[in-house]
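# Survey of secondary and tertiary structure
Read off the chains here:
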Amino acid sequence: MTLNREYLKEVFLKGPLGLTVISVVLGFVVGAVVLLIAGFNPIEAYMAILRGIFSKPKYMSYVIIYATPLIMTGLSVAFALRTGLFNIGAEGQFIVGAMVAAMAGYFIHLPMLLHVPVCILLAASAASVWGGLAGYIKARFGVHEVISTIMLNWIALYLSNWSVTLKSFGKQGTGKSYVIQETARVDLFGQWKITEAGIDFIRSHRFWGDILKSPVNVGIIFAIILAFVMWYILNKTTLGYELRAVGYNPHAAEYGGINVNRSIITSMVISGAFAGTAGALQVMGVSHRIAKLAAMEGYGFDGIAVSLIGNNTGIGSVFAGVLFGALKYGGSKIQDAVGAPTEVINIVVGTIILFIAMPKLIRMILQARNKKG
Amino acid sequence: MNSIDFSHKAVEMVDVVKKFGDFTANDRINLTVHKGEVHALLGENGAGKTTLMNVLYGLYQPTEGAVRINGKPLSVKDPNVAIKNGIGMVHQHFMLVEPFTVTQNIILGNETTKMLGMIDIKKAESEIAALSERYGLAVDPKAVIQDLSVGAQQRVEILKTLYRGAQILILDEPTAVLTPQEIQELVGIIHNLTREGKSIIIITHKLKEIKQVADFCTIIRRGKHIDTVEVDQVTEEDLASKMVGREVSFKVEKDPQPQGDRILEIRDLVVEDSRGIPAVNGLNLDLYKGEILGIAGVDGNGQTELIEALTGLRPAKSGQALVREKEITNLTPGKIIQQHGISHIPEDRQKRGLIFEFDIAENLILENYATEAFSKGFTLDFKRIYRNADQLIEKFDIRPQNSKLAAKALSGGNQQKMIIAREVANDPDILIAAQPTRGLDVGAIEYVHKALVDQRNQGKAVLLISFELDEVINVSDRIAVIYEGKIVGIIDAHDADEKEIGLMMAGGTA
Ligand SMILES: Nc1ncnc2c1ncn2[C@@H]1O[C@H](COP(=O)(O)OP(=O)(O)O)[C@@H](O)[C@H]1O
Ligand SMILES: [Mg+2]
């Protein structure tokens, strides 16, 4: 028993979990202080968030739906970080994935069993190219991936915006693309919901009916599968060994006969595929089309936060994504409930990340010093 | 002997015990250092030397025991108290702010101010210049740290302690990072310091240096005080066996063995360094099976570039290197390892040789993770990976015996054993060993040398690169002297004359 407690203490204090939990708590504390200063009752505001998350099954379903793309962009960032790369480009890879999925979903005619995988594969491949390009630029010309991926984000944004102006793809004048075909959708019971039986079911079953009022889709399952895939690749395969070796110490990897440049490209390709899948599933499960974007939507950038909070692991990203999704969705309610600005949630999230990142920063500085000395 | 004032005990540490949890790092250690004395602390890696000095410097509180400075009991609660009492410490890892100048670093936390709290840099600079003049510590007070050599950075650290009025200087493994010339300069500095009545405690495991500079030597083994001896009264062998706890032989035992077939042939090789200057400049060399060929030379004469070219880590500009008549220049490291049978113990083991975050088992497969031995298709075969690790840990006596331990948790000697284990397990035809004993203590050095001889006895060819001439002469069968990127002479190790080789290393002709 004492041994067990000792063990838990060890994991909590020395491992990343303690740091994360403390940071999350501190994030809420700082958010509360800000609310107080702004003249709102933080307890009321937080209760409103909690109600906004838990009081109806539909709300919880929405939290999952919000979380799904964030988990996957989080995985994208986490995968790259674990291999020593900072993929700021999950945003652009998400956009490319969404665009290609929307096109494949609209133009290609296939039975559902084929259409869905074809859409996802095409979207993931296109996003892989987008990510891999940044990897190639780094490997070939030594340009840091942060710089190249930021540029690629903008190119992706304008490419996507341009695509909806095409006559064949965009509904003229609306700034939106045509909706994808039913066979390319991953909604659960999407068509059935609007049949009489479906409407009946929603009316008569309080719990499941309520959940069905949200755009439930299979995305979360994909997200969890991808988290597993990431863990498997990194920890169980020879490829993962290579990528991690390069991430930790490219000099030693090179010495051991690993092709460092190829690893960088491969890692960015996989990272891009994760973000692209996120974009594809967002289109196939929720929006069913893409629209002209005035600015970045932030899925990829939020993925950075998710990855950091999740300690760059697969399972961590799943939980962090759900936390983030809950805060985003629940937080949108406090405006109505207590009149406090929704931005408070951004402060909470920002603070959490700050606290999580700071010990890492300090550790990183120490390690850099050690390596030199 | 230096001018020691035996009536004045500068430092007395009495029955000092320091525990970390259940682990006793220092177990009743006694240490007395007089004014004007150089006192060496000798012990293997992990013996507890740094811990003891950290107690003296106030970084750690002793669990038991007492510290007296200049005869007065003193409880050193933190380094500030130590500094006030004239104790200065130069740590194993320097604590300098790289983008700052020498002066800024030295006065950091101790700034003399003019009116309105302005820092008086001019005054500090002239004081520092005077100090460095007085003790022969050549540094430019205006130079920026990151532009300085390691030796110069160390002099800055020494100046920093002197600037703060240190009478007792602790130097933690000061020579580990220095070139032979810099070591001689340091010896001179130490003599200057003791002449002025300062006391020096120097941690090292190089016995030669102890003989050269120290008056007394205290030996620590596994946290215990083994002995304190007058250095003049003992031999290097005595010191070594006290330190390791068994007889240590410096002579490398090896029977004569006929030279085998030629395995490596280097012809007119030219390799540029990172600045594009040819560091290896038309080098010719042959290596035969069953021999250890030592390359003697002063650091910076193309050794690093030669090894990197032979292992695929650096392109060759022109010329050839042939293994069994097949060209290996400009192949990838992977090809050279897998297809041409070259293994390599790298010069910079932390940068090249291992991955800190990987555990021992993962580090042991760095070159072979994708071979049949450790993988099935795309997946790693962890059962075999850990079995391999357990076997090598046993065979090469890597401690602690825990294959799941991260490499960064190992001592330098054990990290090196891990690398050697991996490279030898590759069963190479050619083993390139670059500075394989740098920073290791005598016990570990003996071990490494045995491992190299063992390879040679099995008919492998060993190419040894070392800046320690003793090592080259002791271990090799033949010695090639490198100077400015060329081999300037090859000598049979039997007829080796240290003076003659030294002259060739410096560019003179024999
Ligand atoms: N802060 C610490 N906490 C726990 N163990 C330590 C600490 N510092 C040193 N040790 C242990 O004490 C022993 C002696 O270390 P150290 O004094 O650094 O050895 P040396 O300087 O002789 O190589 C080692 O086994 C080391 O792991
Ligand atoms: Mg030490």
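Cut-off values and rules
Residues numbered from 1 in each chain as written. Chains lettered and ligands numbered in written order. Predicted model: local features only at pLDDT ≥ 70, side-chain atom pairs only at ≥ 80, totals over all residues. Heavy atoms only, no water. Helix = DSSP H or I, 4+ residues; strand = E, 2+ residues; numbered from the N terminus. Rg over C-alpha atoms; globule rule 2.2 N^0.38 Å. Buried < 20%, exposed > 50% of the residue type's maximum accessible area, 1.4 Å probe, protein only. Areas by Shrake-Rupley, 256 points an atom, 1.4 Å probe, with all protein chains shown as cover. Lys, Arg positive; Asp, Glu negative; His and termini not counted. Charge placed at Lys NZ, Arg CZ, Asp CG, Glu CD. Pairing = 2+ DSSP bridges. Contact = heavy atoms within 4.5 Å. Axes fitted to C-alpha atoms, helices over the stretch in contact; angles between N-to-C directions. Domains from an automatic or database assignment. Buried area = accessible area lost by both parts, 1.4 Å probe. Salt bridge = Lys/Arg side-chain N within 4 Å of Asp/Glu carboxyl O. Polar contact = N/O pair within 3.5 Å; in protein donor to acceptor, adjacent residues only side chain to side chain. Nonpolar A, V, L, I, M, F, W, Y, C, P; charged D, E, K, R; others polar. 1 Å grid on protein atoms, 1.4 Å probe; cavity = no way out; pocket = protein on both sides within 12 Å on 5 of 7 lines; lining within 4 Å. Points joined across faces, edges and corners; volume = space filled by probe spheres on them. Phe/Tyr/Trp six-rings, centres within 6.5 Å; stacked < 30°, edge-to-face > 60°. Lys NZ or Arg CZ within 6 Å of the ring centre and 35° of its normal. Core = buried A, V, L, I, M, F, W, Y, C linked by side-chain atoms within 4.5 Å. Parallel < 35°, antiparallel > 145°, perpendicular 65-115°, else oblique. Left-handed = near helix turned anticlockwise from the far one by under 90°. Near = heavy atom within 4 Å.

## Some details on the overall build of chain B
Each helix and strand counted, chain B has 17 helices and 22 strands in total. For 510 residues, the compact-globule estimate of 2.2 N^0.38 gives 24 Å, and chain B sits close to it at 25 Å. In chain B, which comprises 510 residues, the share counted as buried stands at 55%. Here chain B has roughly 22000 Å² of accessible surface; of this, 49% comes from carbon and sulfur atoms. Averaging the locations of the 59 positively and 73 negatively charged side chains of chain B gives two centres separated by 4 Å.

## Points about the sheet that holds strand E14 (residues 318-323) of chain B
Two strands in a sheet stick together by hydrogen bonds in their backbones, pointing the same way (parallel) or opposite ways (antiparallel). Residues and elements named next belong to chain B. A sheet is described by the order of its strands in space; here 4 strands give the open sequence E12-E11-E14-E15, paired in antiparallel fashion. One side of each edge strand has no neighbouring strand; the edge strands of this open sheet are strand E12 (278-288) and strand E15 (326-327). Where strand E11 (residues 262-272) and E12 come together, 8 bridges link them in antiparallel fashion. Residue Leu-269 lies in a different strand from E12, and its bridge partner there is Leu-283. Lying on the sheet, helix H9 (residues 303-310) is in contact with E11, E12 and E14; it crosses E11 at an angle near 120°.

## Comments concerning the pairing of strand E13 (residues 292-296) of chain B
All names here are of chain B. In terms of burial, E13 is a largely internal element, 5 of the 5 residues being buried. Because side chains alternate across E13, one face comprises the buried residues Ile-292, Gly-294 and Ala-296, and the other comprises Leu-293 and Ile-295, equally buried. With 5 bridges connecting them, E13 and strand E20 (residues 461-466) associate as parallel partners. Across the sheet, residue Gly-294 finds its bridge partner in E20, namely Leu-464. Bridge count for E13 against strand E21 (residues 478-483) is 4 bridges, and the pairing is parallel. The partner of Ile-295 across the bridge, within E21, is Ala-480.

## Details of the domain arrangement of chain A
Residues and elements named next belong to chain A. Segmenting chain A into domains produces domain 1 (1-38 + 341-373) and domain 2 (57-331). Computed from C-alpha coordinates alone, the two centres of domain 1 and domain 2 are separated by 27 Å. Contact between domain 1 and domain 2 buries roughly 970 Å² in total, counting both sides, with carbon and sulfur atoms accounting for 77%. At the junction of domain 1 and domain 2, the tally comes to 0 salt bridges. Along the contact surface separating domain 1 from domain 2 lie 0 residue pairs in polar contact (both at pLDDT 80 or more). Looking at the side of domain 1 that touches domain 2, the elements with two or more residues in it are helix H2 (16-37) and helix H17 (343-372). The residue inventory of the side of domain 1 that touches domain 2, partitioned by class, reads 8 nonpolar, 2 polar and 2 charged.

## Things to note about the layout of surface pockets
All names here are of chain B. Empty space within the second largest pocket amounts to approximately 690 Å³. If you trace the second largest pocket, you find 25 residues lining it, with Glu-44, Asn-45, Arg-222, Arg-399 and Asn-414 closest to the centre. If you list the elements that add at least two residues to the lining of the second largest pocket, you get strand E2 (23-35), helix H14 (412-425) and helix H15 (442-457).

## Here's the deal with the packing of aromatic side chains
As enumerated under the stated definition, the model contains 21 aromatic pairs over all chains in all. On the numbers, 6.0 Å between centres and 55° between planes, the contact of Tyr-59 of chain A with Tyr-329 of chain A is tilted. One end of the pair, Tyr-59 of chain A, is in helix H4 (residues 57-82); the other, Tyr-329 of chain A, is in helix H15 (residues 314-331), and 270 residues separate them in sequence. Residue classification places Tyr-59 of chain A among the buried residues on the basis of a relative accessible area of 17%. On the numbers, 5.1 Å between centres and 20° between planes, the contact of Tyr-106 of chain A with Tyr-178 of chain A is stacked. A residue pair is termed long-range when its members are at least 10 positions apart, and Tyr-106 of chain A in helix H5 (residues 90-107) and Tyr-178 of chain A in the loop between strand E2 (176-177) and helix H8 (196-204) qualify at 72 residues. Sitting over the face of the ring of Tyr-386 of chain B, Lys-404 of chain B holds its NZ or CZ atom 4.7 Å from the ring centroid. Its guanidinium or amino end placed over the ring of Tyr-447 of chain B, Lys-417 of chain B lies 5.0 Å from that ring's centre, counting from NZ or CZ.

## Some points on the nonpolar core
Grouped together as the largest cluster of nonpolar side chains are 130 residues, with contacts concentrated most on Phe-79, Met-284 and Ile-290 of chain A together with Ile-398, Met-418 and Leu-452 of chain B. In this view, Phe-79 of chain A contacts Met-230, Ile-233, Leu-234, Leu-243, Ser-267, Ile-270, Ser-271 and Phe-274 of chain A; residues no more than four positions away in its chain are not counted. Residues Val-38, Leu-148, Ala-152 and Ile-219 of chain B belong to the second largest nonpolar core, which totals 51 residues.

## Some thoughts on the pattern of salt bridges
Side chains bearing opposite charge may pair, as long as their charged atoms lie close to each other. Residue and element names in this part refer to chain B. Taken as a whole and judged by the stated rule, the model has 37 salt bridges over all chains. With a closest N to O distance of 3.4 Å, Asp-27 and Lys-224 form a salt bridge. Remark: Lys-224 occurs in strand E10 (residues 224-230) and Asp-27 occurs in strand E2; sequence separation between them is 197 residues. Taking the shortest distance from any N to any O, the salt bridge between Asp-427 and Lys-460 comes out at 2.2 Å. Of the two residues, Asp-427 is situated in the loop between H14 and strand E19 (430-434) and Lys-460 in the loop between H15 and E20; the sequence distance between them amounts to 33 residues. The exposure class of Lys-460 is buried, given its relative accessible area of 9%. The structure contains a network of salt bridges with shared partners spanning Arg-262, Glu-265, Arg-267 and Asp-286.

## Re the packing of helix H10 (residues 219-236) of chain A against helix H11 (residues 238-248) of chain A
All names here are of chain A. Where H10 contacts H11, the two axes come as close as 5 Å, and the packing angle between them is 80°. Classified by the interaxial angle, the pair formed by H10 and H11 is roughly perpendicular. Residues Ile-233, Leu-234, Asn-235 and Lys-236 of H10 pack against Thr-238, Leu-239, Gly-240, Tyr-241 and Arg-244 of H11. Across the contact of H10 with H11, the residue classes break down as 4 nonpolar, 3 polar and 2 charged.

## A closer look at the packing of H5 of chain A against helix H14 (residues 299-309) of chain A
Residue and element names in this part refer to chain A. Running from amino to carboxyl end, H5 crosses H14 at an angle of 130°, the nearest separation of the two axes being 6 Å. The angle between H5 and H14 places the two elements in the oblique class. Classified by chirality, the crossing of H14 by H5 is right-handed. On the side of H5, the interface is formed by Ala-90, Glu-91 and Phe-94, while H14 contributes Tyr-299, Gly-300 and Phe-301.

## Some remarks on the side chain of Ser-263 of chain A
Relative to the helices and strands, Ser-263 of chain A is located in helix H13 (residues 260-287). What Ser-263 of chain A contacts, discounting residues up to four positions off in sequence, is Glu-242, Leu-243, Val-246 and Ile-258 of chain A.

## Quick word on the site of ligand 1
Residue and element names in this part refer to chain B. Near ligand 1 the following residues occur: Phe-20, Phe-23, Ala-25, Glu-44, Asn-45, Gly-46, Ala-47, Gly-48, Lys-49, Thr-50, Thr-51 and Tyr-60. Within the backbone of Gly-46, an N or O atom sits 2.7 Å from an oxygen atom of ligand 1. Within the side chain of Tyr-60, one N or O atom sits 3.3 Å away from a nitrogen atom of ligand 1. Against a free-state accessible area of 560 Å², the protein chains account for coverage of 62% of ligand 1. For the shell around ligand 1, the secondary structure elements donating two or more residues are E2 and helix H1 (49-57).

## A few points about empty space enclosed by the protein
Residues and elements named next belong to chain B. Enumeration according to the criterion identifies 7 cavities of 30 Å³ or more in this entry. One number sums up the size of the largest cavity: a volume of about 70 Å³. Per-element tally for the lining of the largest cavity: the top contributor is helix H10 (residues 333-340), with 3 residues. Grouping the constituent residues of the lining of the largest cavity by class yields 6 nonpolar, 2 polar and 2 charged.

## So, the interface of chain B and chain A
Across the contact, 35 residues belong to chain B and 22 residues belong to chain A. Carbon and sulfur atoms make up 57% of the surface buried where chain B meets chain A, a total of about 2500 Å² over both sides. Broken down residue by residue, the surface that chain B buries against chain A is led by Arg-352, Phe-358 and Tyr-369 of chain B, which jointly contribute 23%. Taken together, the links from chain B to chain A amount to 2 salt bridges. Put simply, Arg-352 of chain B and Glu-254 of chain A hold a salt bridge, and the shortest N to O gap is 2.7 Å.

## Here we look at unusual backbone geometry
Residue and element names in this part refer to chain B. At the junction of Arg-399 and Pro-400, the peptide bond is cis and its omega measures out at -5° in the coordinates. With respect to the secondary-structure elements, Pro-400 resides in the loop between helix H13 (382-395) and H14. A positive phi angle, near 45°, is found at Gln-435, a position not held by glycine. Along the polypeptide, Gln-435 turns up in the loop between E19 and H15. Residue Gln-435 is classed as buried on the basis of its relative accessible area of 6%.

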